[in-house]
Amino acid sequence: MPAMKLLTDIIKKSVAVGVVILMEIATPLWAFAENNNSLLTTNNPDYYAELRIKDNTLYAKGKYTGAESFAGGLFNSEKDLEFNSDTGEFSFEIDLNQVDEKYGGYEYVYFRVNNGYMRYLMRMDDEGNWCFPDNGAAEKNRAVIENPVNTPSKLWAAYVCSHYDPEHTRAVLEKVKNLSDEICQGASDDYEKILRICRWVSDNLYYDHDARDISVTAETVCLEHVLETRHTVCGGYANMFNALCQAQGLSTMNVRGATATDGITFDELTNAGINHEWSAVRLDDRIVIVDAGWNSLNDYKNGEEIYRGCFEFYTDITIEALSMDHCGYSAEIREFFKAEEYFKTDEYITSVSQSTAQESNPGNETPVNDDTNTTDNTGFVIILLVLLVPLVILMLIFIKKRR
Ligand SMILES: [Zn+2]
């Protein structure tokens, strides 16, 4: 019977697909990935380290321009290291056979430049050789920035001025443009503009612990608030960096994903919840990755600004180095300078006429919905119905048969 055969084929195939999906979930991806014995930390020729492991010896060399003090080595046993204080150049080597067993086959190469530090993970493989492990995040990070998604104009408007004021929006964008021109004045090319903008954002913004502890709203990360207070969280750092780049005609992405913080481990990075946002900007034929928030050492806590400046470990960081503590899940295109398009949409025009009607009736005051996190539930309802209707029919058949 061909119909019967077709049915069994479909069942067999669905079972096979199910098994594959289960395997994907159950097996850590890094088990299949190839570990590396070298690591370039950034693509910035003035601020990088080149690490190589051979015969269980780590060879490090590189350059940290602007370094006034430099320390490094293995985590927890780092020491002040020789470096050229004029150029920031350094080189050193470490025998990895001396690594303390108590860390269970994990160790970090550690760098301290001025008052910021950075570490890169090493792991001992099954044969007892040290390497830079691959957890699968590099592949995912690459795929995400190569396939960015566009976002609606309402979101662009919200990220400029969280309460959708056309006048404010225009004024904020003008301020961003002027600030960007000021930062980039005299820059010789787009790469220098990116470096300068990143430095400005990391150095001038303060991480808002108060907002993070209480509640992060659309306002916390919108350009208007960030320009005015200089206090924000990761999304605001990314928005500010991206908007300043867009003011110079560059295209940018807000990458959203997981970082190895909040209890998320290196091995869980590709399969965790979104807890962070950073930036990616197109430069000719490549994509420059920047985390201006993690470069920043400034804090805003209990209503007080604590200035510590910034480093540049996350400026033009390589995918391999980024993937040690960041895994992107989506890359959003936000066209800040086209935010005013939202004010021409029917949605906005209707919302304004509604709120004007409410204003003329003081007894019925409802605030305009500002929350960008509010999502349209129609899709969910449709899915629910599609799932529920056959279930109810099946149940009815079942009940009928039992009778
Ligand atoms: Zn506003």
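Definitions and limits used
- Residues numbered from 1 in each chain as written.
- Predicted model: local features only at pLDDT ≥ 70, side-chain atom pairs only at ≥ 80, totals over all residues.
- Helix = DSSP H or I, 4+ residues; strand = E, 2+ residues; numbered from the N terminus.
- Buried ≥ 20, exposed ≤ 12 C-beta atoms within 10 Å, placed from the backbone.
- Contact = placed C-beta atoms within 7 Å.
- pLDDT = per-residue confidence, 0-100.
- Axes fitted to C-alpha atoms, helices over the stretch in contact; angles between N-to-C directions.
- Left-handed = near helix turned anticlockwise from the far one by under 90°.
- Nonpolar A, V, L, I, M, F, W, Y, C, P; charged D, E, K, R; others polar.
- Pairing = 2+ DSSP bridges.

1. Section: the overall build of the chain
When helices and strands are tallied, the chain shows 13 helices and 18 strands. Taken over 403 residues, the chain has a buried fraction of 34%. Pairs at least 24 apart in sequence give 66% of the contacts found in the chain among residues at least 6 apart.

2. Focus on the confidence of the model for the chain
Caution applies to low-pLDDT regions: their predicted coordinates should not be interpreted in detail. Mean pLDDT over the chain stands at 86; residues scoring 70 or higher make up 83%. Throughout residues 19-33 the model reports pLDDT below 50, and contacts reaching past four residues in sequence, or to other chains, amount to 11 contacts.

3. Section: the environment of Asp95
Here Asp95 shows up in strand S6 (residues 89-95). Note: C-alpha distance between Asp95 and Leu58 (37 residues apart in sequence) is 6.4 Å.

4. Focus on the packing of helix H5 (residues 190-204) against helix H9 (residues 234-246)
Between H5 and H9, whose axes approach to 10 Å, the crossing angle comes to 145°. Note on packing geometry: the crossing formed by H5 with H9 is right-handed. Note on element contacts: H9 touches H5 through Tyr237, Met240, Phe241, Leu244 and Cys245, opposite Ile194, Ile197, Cys198 and Val201. Tallied by class, residues from the contact of H5 with H9 come to 9 nonpolar, no polar and no charged.

5. Overview of the pairing of strand S13 (residues 252-259)
Most of S13 is tucked away: 7 of the 8 residues are buried. For S13 and strand S14 (residues 276-283), the ladder comprises 6 bridges, and the chain directions are antiparallel. The partner of Thr252 across the bridge, within S14, is Val281. Both S13 and strand S18 (residues 326-333) contribute to a ladder of 6 bridges, which runs antiparallel. Bridge assignment links Thr259 to a residue of S18, and that residue is His326.

6. Some remarks on the sheet that holds strand S2 (residues 47-54)
Hydrogen bonds along the backbone pair up the strands of a sheet, which may run parallel or antiparallel. Ordered in space as S1-S2-S3-S6, the 4 strands form an open sheet in which the pairing is antiparallel. Strands with a single pairing partner mark the edges of an open sheet, and in this sheet they are strand S1 (38-40) and S6. In this sheet, neighbouring strand axes are inclined to one another by 10° on average, regardless of whether the strands run parallel or antiparallel. By the bridge criterion, 7 bridges tie strand S3 (residues 57-64) to S6 in an arrangement that is antiparallel. If you follow Thr57 over to S6, its bridge partner there is Asp95.

7. With respect to the sheet that holds strand S5 (residues 79-80)
The antiparallel open sheet is built from 5 strands, whose spatial order is S5-S4-S7-S8-S9. Two strands in the sheet have a free side with no partner beyond their single neighbour: S5 and strand S9 (130-131). Pairing analysis gives 2 bridges linking strand S4 (residues 70-74) to S5, with the strands arranged antiparallel. Bridge assignment links Ala71 to a residue of S5, and that residue is Asp80.

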